[in-house]
Amino acid sequence: MRLRGLPGFLLLIVVALLVVPSATGYYTDWLWFRELGYEQIFTRTLRAQTFVFAATFAVAFSILSFNLQLARRRAGSRPRMIIDVGGRPVTLGSQDVGGLAVPIAAGVALLLGIAGASNWLRWLSFFHAAPFGDRDPLFGRDVGFYVFRLPVYQTLQQQLLFLFILALVGCLASYVLSGNFVLESRPGAASWPRVRLAPSARRHLAALLALVFLLMAWGSWLDIPAMLLTPTDSAVAFGASYADVHATMPFLWASVAVLVVGAGLAVWHGVGGRGWLVPLALSLYLLVSIAGGVYASIVQRLIVRPNEQNVERPFIEHNIAATRRAYAIDRVEERELSGDAELTAADIVENAGTIENVRLWDHGPLLQTFGQIQEIRTYYDFVNVDNDRYTIDGKLRQVMLSVRELNTESMPNPSFVNERLTFTHGYGLTLGPVNQVTAPEGLPVLFIRDIPPVSTVDLRVDRPGVYYGELTAGYVLVNTRQPEFDYPRGEGGASADVGYATTTYEGTGGVPVGSLARRMLFAIRFGSTDILVSNQITRESRIMFHRQIAERVKVLAPFLSYDFDPYPVLSGGRIFWIQDAYTTTSNYPYSTPRQRPASELNYIRNSVKIVTDAYNGTVAFYLSDPDDPLAQTIDRIFPGVLEPLSAMPPELRRHVRYPEELFRTQAQVYQTYHMTNPTVFYNKEDQWQWPVLDAAQQGSTPMQPYYTVMTLPGGKSTEFIQMLPFTPRAKDNLAAWMVARSDGEHYGRLQVFQFPKQKIVYGPRQVVGRIKQDQVISPQITLWNQQGSEVIWGNLLVIPIKESLLYVQPLYLRSPQSSIPELKRVIVAYQSRIVMDVTLTQALSQIFGRSVAAALAPDLLSSTATSVIEAPDVGPEVEGVVRPPGQAASTLGALAAEAKQHYENAVKAQREGDWSTYGEQLRQLERVLEKMQSTP
């Protein structure tokens, strides 16, 4: 039986399996882009990809097919014997190979077209490039030439060279098989055979060879400016060096000239038939290439190395200037600090805004604690803890917050209905101050907590539903007949009456999916027949996908690079996500590159802030650096996508912060490139590094930048900053500290405060070493560890106060029976003094006097976790210090209540055999009794 329709049927199956899913994906993505209002990004990108693919395919196919067909026509049809198999000659002629010309050309062109389509942004940037306004120091070209034009030229040169070499090889094979290319022996055994070509074949191959030579000449010419983007041989600085400029570069120009001459010789060979011309051209090129490498090595060895500092000085200057511009560290404001100022109690109180916002809760312990006391159910998860600042009850407070997201992988009964229709969103967030704990548990105080959200301050959560977040992977369907789970309400099972509260989505997120055609499309996209057959989906139903914030913005704007940490913001009772985006390139001339997780860069700007509504999923792009040429180019390509930063709602604008990854990158570069003197830079005389903390506590890891609220030296008010100290290379004393400002008109300003090189200021590692050796602290830590508790050391914080420094380190305890870290002690180091106490204010009181506690807002709250603050310690007033409003002296009644609490805690510890806690409670009781004696 003959199956005539089988090939067509198989082709139809292949098309259905390959084309239909791809087309469905494109169409549903277009629906998604249109729903968000960014269809112009989708259509512009698709048009660019299509155009680049079509142009590349057409050029590649034309070059290959034209030359292969031309060779086929000129070769003739005479067969050539290839091999004798079993006494039968097997012959193959040019006509047999010629039939493959079109399929081969089409296949190669298709592969090149697909590869070329991925460069769509490079081509759009080429045609819409904005000038940088900076020129390279060697050739005087605008930096935009290296960023936008050189990569396109290099891609074109490589693709065309590959095509013409392939055409040359294919045509040569055709002529060989047809007998137009023959090796003839000459008289005499020692003589070389002679190559004989038919005149038409010789002219064709010579023309192709000439084009190959010209493309190689173009490549050598492109290598000249590309030298500004490569490391130097001496590794003194990045970019073209002395040997590159005075040795390699002249020989590259010579290579260009030789290759152009070689192209002429190839044409002459095609016309005149002189066989020695092509070998002469190749020999000249090889000679120049080898000579250039040898000469560059001689110059490097005999001229540069003996006098490297002097001869490389101009190129070091180029590297310093370009790197500082590319990473925007040329804008750093530098200031000297004396480092020998003596702090007084008055200074501490004057900087109360800084002290009251010292971050005593670290991300790791706090995330564990949030998970234990606020996840509520197993299917909720806190992914990350973020720092921010809010004006709470009229006062700027640094807080740490985390969004309660839904983790469907932890659901006890996963199914289509549960995963896609019922459990659709997370719920609310947890928010609390960075420096307050409950008494006596040592747990974080929560301004916003529980489900439904309970707020004890003037912050509200009106829309707690989190449909878009850091964890929300996969699609969900809303506005279906199935009620959505909103939050747990009881312990009686999963019924709507007892187990949980239900809700119906009231937002604008998602793509309508009610029609049968839409359901079929999304069933194909997600490979789920449930979407097609479920009777829960109605005409009003919507499907939400690309819900993870990091994925969502990358799909929307693949032309940007993204910070690793989107952070939540509570604004107007709603939850938003702010994602920092960067414009980067690795083609800034003379700038030293840095390695990112997935790429390399030597230029970076935080040009875009992206705001995503956690409930509706709407996304807005705000241009935060309008002077950036890369951002200007993107704005030309996609007009209207980037809104000015002034268009961001003011309440959200107050929560914009300097991004972490940018600050880390700039700090890494600045530790070397703060040295602007070429001699100092060459000798690395003032090289800095990030402080390395003690192995026993921090695993010998570099200290990381951190956010805090503080008053900068010379500043008038507290502000939200990010900071990092520096130490000299291979030393532990402090050299400087760097800050990035985030508030108001100061946003984006970088400042560095340097200490005198002649004075020793204790660095973080030295302070940690002194803490370990302290005669009071060390035995206490040993005792806690011996009793089975796990001591967790918090991050050491450097707190600048005027011209001096405080070091603060929190201490957490975690019992074997509980995985909840509790903040139990705070260690403060100032100059030669180190103290440890229950709270920061009490530790400061030990150093600067009891009057400090009377004037500062305490950092220990009552066990009810409300805004009721325990009465502060009272002592003699400091001259010139005024107690802030609302901080009255403590009363005997309050002190008596505190004494009773310590007594009860001591009795309880005695019964349980916890003698460490028993002794601590007795000491606290003694302290309170002393207060009562001094209270009038």
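Residues numbered from 1 in each chain as written. Predicted model: local features only at pLDDT ≥ 70, side-chain atom pairs only at ≥ 80, totals over all residues. Heavy atoms only, no water.

Visitor: Just checking my understanding: could you explain the overall build of the protein chain for this structure?
Guide: A count of helices and strands for the protein chain gives 29 helices and 38 strands. Split into buried and exposed, the 936 residues of the protein chain put 53% on the buried side. Put simply, of all contacts in the protein chain between residues at least 6 apart along the chain, 66% involve residues at least 24 apart. For the protein chain, the accessible surface area stands at approximately 41200 Å², while carbon and sulfur atoms represent 57% of it. (Helix = DSSP H or I, 4+ residues; strand = E, 2+ residues; numbered from the N terminus. Buried < 20%, exposed > 50% of the residue type's maximum accessible area, 1.4 Å probe, protein only. Contact = heavy atoms within 4.5 Å. Areas by Shrake-Rupley, 256 points an atom, 1.4 Å probe, with all protein chains shown as cover.)

Visitor: Mind showing me how you'd approach the sheet that holds strand 18 (residues 511-512) here?
Guide: Sheet strands associate in pairs through backbone hydrogen bonding, adopting either a parallel or an antiparallel arrangement. Strand order in the open sheet made by the 3 strands is 15-19-18, with antiparallel pairing throughout. Two strands in the sheet have a free side with no partner beyond their single neighbour: strand 15 (476-478) and strand 18. Sheet analysis places strand 18 next to strand 19 (residues 542-544), joined by 2 bridges and oriented antiparallel. Following the sheet pairing, Pro512 is matched in strand 19 by Arg542. (Pairing = 2+ DSSP bridges.)

Visitor: I tried to follow the side chain of Ser528 on my own but got confused; where do I start?
Guide: Position of Ser528 relative to the elements: it lies in the loop between helix 16 (516-526) and helix 17 (529-533). With a relative accessible area of 10%, Ser528 lands in the buried category.

Visitor: Got a minute to help me understand a nonpolar patch on the surface in this structure?
Guide: There is a patch of nonpolar side chains on the surface, built from Val20, Leu516, Met520, Ile524, Leu532 and Val533 and spanning about 510 Å² of accessible area. In terms of residues, the nonpolar patch owes the most to one element, helix 16, which gives 3 residues. Note that Ile524 resides in helix 16. Look at Ile524 and you get partly exposed, because its relative accessible area is 38%. (Patch = residues over 30% accessible without salt bridge, like charges linked within 9 Å, V, L, I, M, F, W, Y side chains within 5 Å. Salt bridge = Lys/Arg side-chain N within 4 Å of Asp/Glu carboxyl O.)

Visitor: What is the right way to look at the environment of Gly113 in this model?
Guide: Structurally, Gly113 can be placed in helix 4 (residues 101-117). With 55 residues separating them along the chain, Gly113 and Ala58 place their C-alpha atoms 8.6 Å apart. For Gly113, the residues in contact, after removing those within four places along its chain, are Phe53, Thr56 and Phe57.

Visitor: I tried to follow the packing of aromatic side chains on my own but got confused; where do I start?
Guide: Within a pair of aromatic rings, the relevant descriptors are the distance that separates the centres and the angle that separates the planes. Going through the model one piece at a time under the given rule, you end up with 45 aromatic pairs. Between Phe33 and Phe42, the aromatic rings sit 5.3 Å apart at their centres with planes inclined by 45°, giving tilted as the arrangement. Like Phe42, Phe33 is buried. With a centroid separation of 5.2 Å and 5° between ring planes, the pair formed by Tyr707 and Phe720 is classed as stacked. With Tyr707 in strand 29 (residues 706-710) and Phe720 in strand 30 (residues 719-728), this residue pair connects regions lying 13 residues apart in the sequence. Owing to a relative accessible area of 4%, Tyr707 belongs among the buried residues under this scheme. Given the relative accessible area of 0%, Phe720 is considered buried. These aromatic residues form a ring-pair network of at least three members: Tyr26, Trp32, Phe33, Phe42, Tyr475, Phe522, Phe526 and Phe545. When the ring centre of Phe139 is taken as reference, the NZ or CZ atom of Arg141 above it lies at 5.2 Å. Just above the ring of Tyr475 sits the side chain of Arg420; from NZ or CZ to the centre is 4.2 Å. (Phe/Tyr/Trp six-rings, centres within 6.5 Å; stacked < 30°, edge-to-face > 60°. Lys NZ or Arg CZ within 6 Å of the ring centre and 35° of its normal.)

Visitor: How should I be thinking about the nonpolar core in this particular structure?
Guide: What tends to happen in soluble globular proteins is that the nonpolar side chains get buried as a cluster. Membership of the largest hydrophobic core comes to 98 residues, with the highest contact counts inside it found for Tyr390, Leu431 and Met738. Ignoring anything within four residues of it in the chain, the contact list for Met738 reads Val332, Phe663, Ala667, Tyr670, Gln722, Met723, Leu724, Phe726, Leu750, Gln751 and Val752. Counting residues in hydrophobic clusters, the runner-up holds 67 residues, among them Ala352, Val358, Ile834 and Ile847. (Core = buried A, V, L, I, M, F, W, Y, C linked by side-chain atoms within 4.5 Å.)

Visitor: Looking at this model, I keep getting lost on the packing of helix 8 (residues 242-272) against helix 9 (residues 277-304). Mind explaining?
Guide: Two packed helices can be described by the angle between their axes and the distance between those axes. Running from N to C, helix 8 and helix 9 point in directions that differ by 175°, and their axes come no closer than 9 Å. For the element pair helix 8 / helix 9, the angle class is roughly antiparallel. By residue class, the composition of the contact of helix 8 with helix 9 is 23 nonpolar, 7 polar and no charged. (Axes fitted to C-alpha atoms, helices over the stretch in contact; angles between N-to-C directions. Parallel < 35°, antiparallel > 145°, perpendicular 65-115°, else oblique. Nonpolar A, V, L, I, M, F, W, Y, C, P; charged D, E, K, R; others polar.)

Visitor: It is not clear to me how the environment of Gly293 should be interpreted in this structure. Could you clarify?
Guide: Along the chain, Gly293 falls in helix 9. A relative accessible area of 37% places Gly293 in the partly exposed class. Separated by 45 residues in sequence, Gly293 and Thr248 have C-alpha atoms that sit 7.1 Å apart.

Visitor: I keep staring at the confidence of the model for the protein chain and nothing clicks. Help me out?
Guide: As a general rule, the predicted coordinates of low-pLDDT regions are not to be interpreted in detail. Summary statistics for the protein chain give a mean pLDDT of 85 and a share of 85% for residues scoring 70 or more. Scored below 50 in pLDDT, residues 860-890 makes 64 contacts in the model with residues more than four places away or belonging to other chains. (pLDDT = per-residue confidence, 0-100.)

Visitor: It is not clear to me how the pattern of salt bridges should be interpreted in this structure. Could you clarify?
Guide: Two side chains carrying opposite charge are able to pair once their charged atoms lie near each other. Inspection of the entire model under this criterion finds 25 salt bridges. With a shortest N-O distance of 2.7 Å, Arg749 and Glu333 are connected by a salt bridge. With Arg749 in the loop between strand 31 (736-741) and strand 32 (750-754) and Glu333 in strand 5 (residues 333-336), the pair connects residues that are 416 residues apart, well separated along the chain. Classification of Glu333 by relative accessible area gives partly exposed; the value is 28%. By sharing partners, the salt bridges in this structure join Asp386, Asp565, Arg657 and Glu660 into a single network.

Visitor: Would you mind showing me how to read the packing of helix 6 (residues 143-178) against helix 7 (residues 199-226) here?
Guide: Running from N to C, helix 6 and helix 7 point in directions that differ by 155°, and their axes come no closer than 9 Å. When the axis of helix 6 is compared with that of helix 7, the two are roughly antiparallel. Taken as a pair, helix 6 and helix 7 cross one another with a handedness that is left-handed. Residues that form the contact of helix 6 with helix 7 fall into these classes: 26 nonpolar, 4 polar and no charged. (Left-handed = near helix turned anticlockwise from the far one by under 90°.)

Visitor: Teacher, can you tell me more about unusual backbone geometry here?
Guide: Note on backbone geometry: most residues besides glycine have negative phi, and most peptide bonds are trans. Put simply, Ile451 and Pro452 share a cis peptide bond, and its omega is -10°. The phi dihedral of Asn479 falls on the positive side, at around 60°, and the residue is not glycine. Relative to the helices and strands, Asn479 is located in the loop between strand 15 and strand 16 (484-488). Phi at Lys802 is positive, roughly 55°, even though this residue is not glycine.

Visitor: Any chance you could explain helix 25 (residues 777-786) here in plain terms?
Guide: Turning to helix 25, its buried residues number three or more, namely Ile777, Gln780, Ile781 and Trp784. End-on view of helix 25: buried residues confined to an arc of 100°, all on one side of the axis. A positive backbone phi angle near 100° is found at Gly788, which sits one or two residues after helix 25. (Arc of directions from axis to C-beta.)

Visitor: What's the story with helix 21 (residues 660-673) in this structure? I'm lost.
Guide: Residues three or four positions apart in an α-helix share a direction because the helix packs 3.6 residues into each turn. A rise of 1.5 Å per residue sets the reference length of helix 21, with its 14 residues, at 20 Å; its end C-alpha atoms lie 19 Å apart and thus fit the reference within 8%. Taking burial as the measure, the 14 residues of helix 21 include 12 buried ones, the bulk of the element. Listing the buried residues of helix 21 in full gives Glu660, Glu661, Leu662, Phe663, Thr665, Gln666, Ala667, Val669, Tyr670, Gln671, Thr672 and Tyr673. (Expected span 1.5 Å × (residues − 1).)

Visitor: For this particular structure, what's the right way to read the environment of Gly426?
Guide: Within the fold, Gly426 resides in strand 9 (residues 426-427). With near-sequence residues (within four places) excluded, Gly426 lies in contact with Tyr380, Arg404, Glu405, Leu406, Pro464, Gly465 and Val466.

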